[in-house]
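# Summary of the model geometry
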Amino acid sequence: MRSRHIFAMLLGTTTFASGAYAQDAVQLDAIVLEAESDETLLQNGYIAESGRQAMRVDTPIAKLPQAVTVITQDQLQDQAPRTMLEALNYTASATPGNFGFDSRYDSFYLRGFPAYQTGVFRDGLRSFNGSSAWYRNDPYTLEGIAVLKGPASSMFGVSTPGGIVNLVSKRPKDTPYNETRLSFGSHSRAEAAVDFTGPLDAEGDTLYRFIALARDADTHIDGYADDRILIAPSVSFRLADDQRLLLSAEYAKDSTGAVAYMHFDDITNPQVTDEPAGDPDYNNFDQEQFRIGYEYSWDIAEDTQLRQSYRWTKVRTDMHYATRYGLYPDLAPGYWSRYHETAKSHVLDLMVEHKMTTGSFNHTFALGADYTRGEYTADYGGTGDGQAANDAMDVPFYGSRKQTQKGIYFADQIERDALTISASARYDWVETDYADATFGTNIVTSGSQKDEAFTGRLGASYEFTNGVTPYANIASSFAPNVAQVFDDASDPTGGPAEPTEAIQKEIGVKYALPDQRTVITAAIFDIHQDNGTVLAVGDDGRNRGLQYDLTSRGFELEAMSNLENGVSLIASYAHMKVEINDGAPGTEGNELSGVPDDTLSLFVKYQPQTGPLENVGLMAGMRYIGKSYGNDANTLRNASRTFFDLGATYDFAAFGYAGTELQLNVRNLFDREAQTCTGDWCYADEPRMIDLSLSRRF
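Residues numbered from 1 in each chain as written. Predicted model: local features only at pLDDT ≥ 70, side-chain atom pairs only at ≥ 80, totals over all residues. Heavy atoms only, no water.

## What to know about the overall build of the protein chain
Helices and strands together make up the secondary structure of the protein chain, namely five helices and 41 strands. A compact globule built from 698 residues would reach a C-alpha radius of gyration of about 26 Å, and the protein chain, at 25 Å, matches this within 12%. Seen through its C-alpha atoms, the protein chain measures out along the principal axes to roughly 65 × 60 × 45 Å. The buried share among the 698 residues of the protein chain stands at 58%. Taking contacts inside the protein chain between residues at least 6 apart in sequence as the whole, the part at least 24 apart equals 66%. Working note: accessible area of the protein chain is about 27600 Å², and carbon and sulfur atoms make up 55% of it. Charged side chains in the protein chain number 57 positive and 97 negative. The centres of these two groups are separated by 2 Å. (Helix = DSSP H or I, 4+ residues; strand = E, 2+ residues; numbered from the N terminus. Rg over C-alpha atoms; globule rule 2.2 N^0.38 Å. Buried < 20%, exposed > 50% of the residue type's maximum accessible area, 1.4 Å probe, protein only. Contact = heavy atoms within 4.5 Å. Areas by Shrake-Rupley, 256 points an atom, 1.4 Å probe, with all protein chains shown as cover. Lys, Arg positive; Asp, Glu negative; His and termini not counted. Charge placed at Lys NZ, Arg CZ, Asp CG, Glu CD.)

Written as C-alpha cells, this is what we have:
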C-alpha cells in the first residue's frame, strides 16, 4: 500500500500546529528545545549520565559494574537511522549486518549471540516476537537506546546471553517541544513526520505527546518497497502529588518485500548478483502492528516508590511472494509461497523501590514480579503451479506457540563512598504449549513444555578520585525458545527447543575525564552458552532452528565525547571469537558463522561555536566489519568490509529562522558493493543511500 495521500494530511497537521502555538511563541524564547524528556534516561549530547535501563532504578552509568552503551537522542538525530539496526551501527560488540539489507526485521547479534528473538525490550518490558511476526520499533519514536552487554536475566527475565537492547520511548514533556520534518532520498524515498509535546493545562498536570510518520519509498531491490504509516500518541496525568499515570499507544502499517536477499549462484563460491532472488512483480510483505499500555508510579513515602507497567501488542503479517531460480541473469519464478502469522502478547511488571541506610552503607532495593503471556499462530504453504494457484490456496497450518512466563526478582544496589556493589537474583517459571506441522503433510505434533530457572548477577565497581572506575561481574541468563528446532538442516520434522542458559564473567574499567566531557570504557568478557538457537536454511529453502552450545570471548573499547570546541565523537572497537562447542555435525571447535572477528567504528561531528560557520554542522563516520566465516563448517570465508558515512546540517538562524534545519545524511558514501554470508546463505549490503531532510522545531 502506498502512502502518498498521507503526506498532505501530515503537512496540514504541521500548519495547524504552527498556528495553534503561535500565540505562545514569546513565552518559549528562553527554552532549550530538546526532544528527550530525561525522565528515565538522563543524557547530555552523546553521553548518557544516568538511567534505570540496567538496574530498573536510577543509577549513574559510570558506577554500573557492567558494560552499557547508550545511543542518545543527539546521536539518533545526527545519524538519522531509518531502522533500529542502523541505530546500532556504531555500538561495540553489536553486529546488525549479518543478513545484509533487510528492513523487515530488527535482526542483530550482541557479543556474538543472536539477540533478535528475546533480546529486545521497550521501557523495561519484554517484546514477545513470533516466528516471523516481529514488532518493528521506529527510531523516530525513541529518545534513547540502552544496550546492556552480557546476561541480564536476573533483572529482566527471559533474555539472550549477549545482552539486551532496552528501547526508551519518547515521553510527554512539561515544556513544549514541536517538530515537523520532511525527508527525501534515494530510490524515490519521501517521508513526513511530526512530534508534538507539552502541557494540556495551565497547571501542567496533564501532558501529551503525539508522533506521526508516513513514508513512501522504494529501495535498491527491484519490486521491494519500504512504506510505513505510524501514529504514536501518549498522555501523562498527575493523579495526585505523589501519583502519575502514563497512557501510550502506537499503530503502524508497513509494506515491504517478502524476499530481501539478492540471487547468488554457487554455494561453494557464492557471489551475490544484482538480481533480486524474489520476483519483482510478486514480492509483498504487509505488516500491521498495535501497541497500547500504561505506566503508573506512586511515591508511597520519601524513600519508597511503587511502579507498575503494562503493555499489549499485536502483530499481523501477510506475505505473498515468489522465488526466482536459474543461472544469472536468466532467472524465472519457480516457487510461489503464502505466509500468514498473528502474534499477541500481554506483559506486566510490578516493582517496589526502597532506599535505606545500614551503618555506612546506602541500599537501594528493588523487589518485583512480572508476567508475560505471548502467543502466535502461523500458516504457510507454497506451490509450483504459479501465482494464481498460490493466491487461491487454502494456506495450511504451520505452527503455533502459547507461552506463559512468571518471574520474581530482587536486587540490592549497595553504595559506600566510592564502592558500588550490585546484586540481583530472579526465579522464572515458563510454560509453553506448542504445535508444529510437518511441512507438506497433515501431521501436527503438539504438546506442552515447562521450564524454570534461577538467574543471578553479582558485580562491584570502585570509583577512584582520578575518574578511573574498575569493575567486575558474574551473571547468568535464561531464555526458553518459542521456535521449533531440528537435528540438522535437512531434517523435515522439528520439535520444541530446550531453553537457552548461559553464564558470563566480565572485568572492565570506565574512565571519565575531569571535565566530564569524555567517557572511555573497556571490557573483557567470557560467555558460555548451552542450547542456543541458531538459524540455518534447509534444503527446501525454509529457515530451521538448530541448537548450539557456544563460547564467546573477547574485549571491547568505547569512547564518547562532547568537547567545548564543538567536536562530538563516538568510537568503538571489539574483538571476539565465538566457538562452537556442540552444534551441527562436523562443526565442533569451529567459529560461529556471520560473527566478525573485529569491528571498528568512528563517528565525528564538528559544529563551530563562533564565526561564519557557527550554524553549520559537519559529520563523518567509518564502519569496519572484519573477516568472518560464511558457514559453521568454516569452509566459506567473508571478506572484511569498510563503509564511510557523511553528513551535514545547516540551521537557518542567521536568516531569522532559528530552529529550522536542513540535514544531509549519506550512508556508504563510496557506494561499496559488499556481501556477507551467514549459515551458508548470502546477502548484499545496501548501496549508497542519500537522505535530505528539512525540519522545524518550535
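The structure having been displayed, the exposition proceeds.
## Some remarks on the nonpolar core
One finds Met 319, Tyr 548, Leu 550 and Leu 592 to be the most contacted residues of the largest nonpolar core, which totals 33 residues. Counting residues per element, the ones that place at least two in this core are strand S20 (304–327), strand S22 (361–383), strand S30 (518–537), strand S31 (543–562) and strand S32 (567–582). Among the elements that take part in this core, S30 stands out by supplying four residues, more than any other. When neighbours within four sequence positions are excluded, Leu 550 is seen to be in contact with Phe 113, Ile 527, His 528, Gln 529, Val 578, Glu 579, Ile 580, Asn 581 and Leu 592. By size, the runner-up hydrophobic cluster in this structure holds 21 residues, among which are Phe 121, Leu 148, Ala 152 and Ala 366. (Core = buried A, V, L, I, M, F, W, Y, C linked by side-chain atoms within 4.5 Å.)

## A closer look at the sheet that holds strand S8 (residues 120–122)
Taking strand neighbours across the sheet as the criterion, the five strands line up as S4-S10-S11-S8-S9 in an open arrangement whose pairing is mixed. At either end of the open sheet lies a strand with only one pairing partner, and these are strand S4 (68–72) and strand S9 (125–126). When S8 meets strand S11 (residues 163–169), the two strands line up parallel, connected through three bridges. Looking at the pairing, Val 120 lines up with Val 165 of S11. (Pairing = 2+ DSSP bridges.)

## What to know about the pattern of salt bridges
Inspection of the entire model under this criterion finds 41 salt bridges. The closest approach of N and O atoms between Arg 171 and Glu 39, which form a salt bridge, is 3.7 Å. With Arg 171 in the loop between S11 and strand S12 (177–185) and Glu 39 in the loop between helix H1 (4–22) and strand S1 (41–44), this residue pair connects regions lying 132 residues apart in the sequence. The exposure class assigned to Arg 171 is buried, which follows from its relative accessible area of 5%. A relative accessible area of 45% means that Glu 39 is categorised as partly exposed. With a closest N to O distance of 2.6 Å, Asp 370 and Arg 426 form a salt bridge. Highlighted residues: Asp 370 in strand S22 and Arg 426 in strand S24 (residues 419–437), separated in sequence by 56 residues. Taken individually, Asp 370 and Arg 426 each receive the classification buried, so the pair is uniform in this respect. (Salt bridge = Lys/Arg side-chain N within 4 Å of Asp/Glu carboxyl O.)

## Regarding the packing of aromatic side chains
By the definition in use, this model includes 24 aromatic pairs. Summarising the aromatic geometry, the rings of Tyr 90 and Phe 603 are spaced 5.5 Å apart at their centres and angled 70 degrees between planes, so their arrangement reads as edge-to-face. Of the two residues, Tyr 90 is situated in the loop between helix H3 (84–87) and strand S5 (94–95) and Phe 603 in strand S33 (residues 598–606); the sequence distance between them amounts to 513 residues. Look at Tyr 90 and you get buried, because its relative accessible area is 4%. Taken together through their ring pairs, the aromatic side chains of Phe 99, Tyr 105, Tyr 109, Tyr 116, Trp 134, Phe 285 and Tyr 683 make up a single cluster. In this arrangement the basic side chain of Arg 416 is found over the ring face of Phe 361, its NZ or CZ atom lying 5.1 Å from the centre. When the ring centre of Tyr 471 is taken as reference, the NZ or CZ atom of Lys 510 above it lies at 5.5 Å. (Phe/Tyr/Trp six-rings, centres within 6.5 Å; stacked < 30°, edge-to-face > 60°. Lys NZ or Arg CZ within 6 Å of the ring centre and 35° of its normal.)

## Regarding the environment of Met 576
By the secondary structure assignment, Met 576 is in strand S32. Taking the C-alpha atoms as reference points, Met 576 and Ser 132, 444 residues apart in sequence, are found 29 Å from one another. Met 576 has contacts with Ser 93, Arg 111, Gly 112, Phe 525, Ser 552, Arg 553, Gly 554, Val 595, Pro 596 and Asp 597, leaving out every residue within four places of it along the chain.

## Regarding the state of the cysteines
Counted by the stated rule, this structure contains one disulfide. One disulfide in the model links Cys 677 with Cys 682; its S-S distance is 2.1 Å. Torsion about the S-S bond of the Cys 677 and Cys 682 cystine: about 100 degrees, corresponding to right-handed handedness. The two residues Cys 677 and Cys 682 agree in class, both being buried. (Disulfide = S-S within 2.5 Å.)

## Comments concerning the pairing of S1
Alternating positions in S1 separate cleanly, Leu 41 and Gln 43 being buried on one face and Leu 42 and Asn 44 remaining unburied on the opposite face. With four bridges connecting them, S1 and strand S2 (residues 47–51) associate as antiparallel partners. Within the sheet, the bridge partner assigned to Gln 43 lies in S2 and is Ala 48. The hairpin turn running from S1 into S2, its antiparallel successor, is two residues long, and Gly 45 in that turn takes a positive phi close to 65 degrees.

## Quick look at a nonpolar patch on the surface
A cluster of nonpolar side chains, Leu 662, Leu 664, Ile 690, Leu 692 and Leu 694, forms an exposed patch at the surface whose accessible area comes to about 360 Å². Only strand S38 (660–667) and strand S41 (689–697) provide two or more residues apiece to the nonpolar patch. Ranked by residues supplied to the nonpolar patch, first place goes to S41 with three residues. Positionally, Leu 694 belongs in strand S41. (Patch = residues over 30% accessible without salt bridge, like charges linked within 9 Å, V, L, I, M, F, W, Y side chains within 5 Å.)

## Quick notes on the pairing of strand S15 (residues 226–240)
Summarising the sheet, strand S14 (residues 206–216) and S15 pair through ten bridges and their orientation is antiparallel. Within S15, the position partnered with Phe 210 by the bridge is Pro 233. As paired elements, S15 and strand S16 (residues 243–256) share twelve bridges and run antiparallel to each other. Residue pairing for S16: Ala 240 is matched across the bridge by Gln 243. What sits between S15 and S16 in their antiparallel hairpin is a turn of two residues.

## Brief notes about the sheet that holds strand S3 (residues 59–60)
Here we have three strands laid out as an open sheet, ordered S1-S2-S3, and antiparallel in their pairing. The strands lining the two open edges of the sheet, one partner per strand, are S1 and S3.

## Some points on the side chain of Arg 457
Here Arg 457 lies in strand S25 (residues 444–462). Non-local contacts of Arg 457, meaning those with residues more than four positions away in its chain, are made with Met 55, Gln 66, Ser 154, Ser 422, Ala 423, Ser 424, Ile 474 and Ala 475.

## Let's talk about the confidence of the model for the protein chain
Averaged over all residues, the pLDDT of the protein chain is 91; the fraction at 70 or higher stands at 94%. Segment residues 1–31 is flagged for pLDDT under 50; beyond a separation of four residues in sequence, or across chains, it makes 42 contacts in the model. (pLDDT = per-residue confidence, 0-100.)

## Overview of the environment of Arg 457
On the accessibility criterion, Arg 457 (7% relative accessible area) is buried. A C-alpha to C-alpha distance of 46 Å links Arg 457 and Val 616, two positions 159 residues apart in sequence.

## Concerning the environment of Ala 502
Here Ala 502 shows up in strand S29 (residues 500–512). When the C-alpha positions of Ala 502 and Thr 551 are compared, they lie 9.3 Å apart, and in sequence the two are 49 residues distant. When near neighbours in sequence (up to four residues on either side) are disregarded, Ala 502 contacts Pro 161, Ala 475, Ser 476, Ser 477, Ile 527, His 528 and Gln 529.

## Things to note about the side chain of Asp 279
Considering the arrangement of structural elements, one finds Asp 279 in strand S19 (residues 278–301). This buried residue, Asp 279, is left without a salt bridge; Arg 324 holds the nearest opposite charge, at 5.4 Å. The residues touching Asp 279, leaving out its near neighbours within four places in the chain, are Ala 322, Arg 324 and Pro 333.

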